[in-house]
Amino acid sequence: MNSIWFRNGLRLFFLFCFQVLVLKQVHLNWGSFNFISIMIIPLWIMLVPVQSPKWLLVVGGFFIGLGVDWFYDSPGVHASAATFIAFIRPFILKYIEPRGGYNRVPIPSKFHLGLNWFVTYASVMLFAYLFFYFSMEVFTPSLIGTILVKTIFSFIMSILLVLLYMFIFDPK
Amino acid sequence: MQNLFAFFYRYAFVFLFLIFEFISIRFIVSRNANQREIFLNSSSIISGGLFDRASRIKKYFGLQEVNLQLAEENASLKAKIDNLRSHTPDALDSIRDTVYRQRFVLHPAQVINNSVELRNNMMTIDKGSADGVFKYATVIEPLGIVGFVTHAGNHYSSVMSILNSNSRVSAMIKRTMTRGNLVWTGTSPTILNVEAIPKHADVKVGDTLVTSSFSHFPIGHPIGEIVNALVEPGENFYIIEVRLFNDLSRTNFVYVVNDLHKNEIDSLTTLNNLK
């Protein structure tokens, strides 16, 4: 159990640094097309142990989001999105529960539950994160078009990066 | 009691979620200038568009009346021109008057948002600084006065209605030229009060009240008719009630009056105050 949390902490450190030091500097835009921001930090919330207490996850999500906000100069925007997916994670896990449940599954990763299952799970979580994030960033419900375009393009890039991470490290 | 604790423990994550979302949104609105502006403005963007549309529809129902008003105004202006023509000797027509300077410039505008039922009523008009409307410009309509501009945006301006507790307009009785201050006590949107007319002045019910030369309104523009004037025993000033000629709840077409001499007059006034 301890080693699982140790590995989670290490992963958090790595993902956090990668997010704020590398991905924040990446500007994928061509002219006026600047709809892409790549997010890797939701991956940490996806990969915490299945059995971890719900309230702890919500608290953790909030503070990690706040930490990312600190570097992004946008207090509250990441925090609200991270809190949101931390909150909905138990419901999503329940909804796509594999046959046999989560017994003997320490973390919901590709290694334990297979690629298909993980792609579904990661897509839902990532899309929820990005949609919430851009809704909060744009903050105007009437600009739903902009929010959706930003969400979709960022989603494509982010999910590729998430899957790349899974193939390289394949966390157990 | 135990059940209650169990309930809280079980749904702690829901409460935590709500609390943290609330904190986040507080952060977003209070610290990010961008979102704060959106938060404050989006309501006005939406409502501004709605007001515009509603007033466009409402305009149709008032066309008949507006036409009549405009025709009347035309007639009175025409009469004035004709009078001037008939009184000016031909020889004077060609004199180049170097002392004459234009003082007032009028811009037509339309009211797109208005209220009369509050204590401090404001209006929005569809002309702004891009159309030559400036702060403190006065707003009139053919039958009476409306207020003055408190904030001029690019294409819209807000106007403090005379139906506002902060509004104070210098007015005078047309017949005797006695000056007083026109204020609103908030009782009825058609009745205003005139303050500071001393009890020795000659005031009669039925007298016409017009704007005085102390204000930045065009001098002598009609305001209303005195319906009630009395001096309470022991007081030194009249209590005067004035019924407006115009109905501010139905104000639609207005003129914004820019006083070209305003800066000069104001700078002289401040000079006096400094001495």
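Since this is a predicted model, take the numbers as computed values, not measurements. (Residues numbered from 1 in each chain as written. Chains lettered and ligands numbered in written order. Predicted model: local features only at pLDDT ≥ 70, side-chain atom pairs only at ≥ 80, totals over all residues.)

1. Side note on the sheet that holds strand β8 (residues 191-195) of chain B
Residues and elements named next belong to chain B. This is how it is decided: DSSP-based pairing: two strands are paired if at least 2 bridges between them are found. Helix numbering and strand numbering both begin at the N terminus, where a helix is a DSSP run of H or I of at least 4 residues and a strand a DSSP run of E of at least 2. For helices, the axis comes from a line fit to the C-alpha atoms of the stretch in contact; other axes are also lines fit to C-alpha atoms, and the angle between any two N-to-C directions lies between 0 and 180 degrees.
The six strands are arranged β6-β7-β8-β11-β10-β9 in a closed barrel whose pairing can be described as antiparallel. In this sheet, adjacent strand axes meet at a mean angle of 45° when their direction is disregarded. Direction of pairing for strand β10 (residues 222-230) relative to strand β11 (residues 239-244): antiparallel, over a ladder of six bridges. The residue bridging Gly224 from the neighbouring strand is Leu244, located in β11.

2. Brief notes about the sheet that holds strand β2 (residues 120-125) of chain B
Across a sheet, strands are paired by hydrogen bonds formed along the backbone, either parallel or antiparallel in direction. Read around the closed barrel, the six strands follow the order β1-β2-β5-β4-β3-β12 (chain B); overall the barrel is antiparallel. When the angles between neighbouring strand axes are averaged without regard to direction, this sheet yields 45°.

3. Here we look at the nonpolar core
Rules: The nonpolar core is taken to be a set of buried Ala, Val, Leu, Ile, Met, Phe, Trp, Tyr and Cys residues joined by way of C-beta atoms within 7 Å. Comment: burial labels come from other C-beta atoms within 10 Å of the residue's own C-beta, placed from the backbone, where a count of 20 or more is buried, 12 or fewer is exposed, and between is partly exposed. Contact between two residues is assigned whenever their backbone-derived C-beta positions fall within 7 Å.
Core analysis: the largest hydrophobic core is formed by 42 residues, its most contacted members being Val58, Ala81, Ala82, Ile85, Tyr129 and Tyr133 of chain A. Put simply, the parts of the chain that give this core at least two residues each are α2 (42-47), α3 (54-72), α4 (77-95), α6 (115-138) and α7 (144-169) of chain A together with α2 (12-31) of chain B. By residue number, the principal contributor to this core is α6 of chain A, which donates ten residues. The residues touching Ile85 of chain A, leaving out its near neighbours within four places in the chain, are Pro42, Ile45, Gly61, Met125, Ala128 and Tyr129 of chain A. If you look at the next biggest cluster of nonpolar residues, it comprises 40 residues, including Ala109, Ile112, Val139 and Val159 of chain B.

4. Concerning the pairing of strand β4 (residues 144-152) of chain B
Residue and element names in this part refer to chain B. Where burial is concerned, most of β4 is hidden: seven out of the nine residues are buried. Pairing of strand β3 (residues 138-141) with β4 involves four bridges; the strand directions are antiparallel. Across the sheet, Ile140 pairs through a bridge with Ile145, a residue of β4. Between β3 and β4, which pair antiparallel and follow one another directly, the connecting turn spans two residues. Two elements, β4 and strand β5 (residues 157-164), share five bridges in a ladder whose sense is antiparallel. The residue of β5 that forms the bridge with Gly147 is Ser161. Between β4 and β5, which pair antiparallel in sequence order, lie four residues.

5. Focus on the pairing of β2 of chain B
Residues and elements named next belong to chain B. With two bridges connecting them, strand β1 (residues 104-113) and β2 associate as antiparallel partners. Pairing of Asn113 across the sheet is with Thr124, part of β2. Joining the antiparallel neighbours β1 and β2 is a turn of six residues. The sheet contact formed by β2 and β5 spans five bridges and is antiparallel. Counterpart to Asn120 in the pairing with β5 is Asn164.

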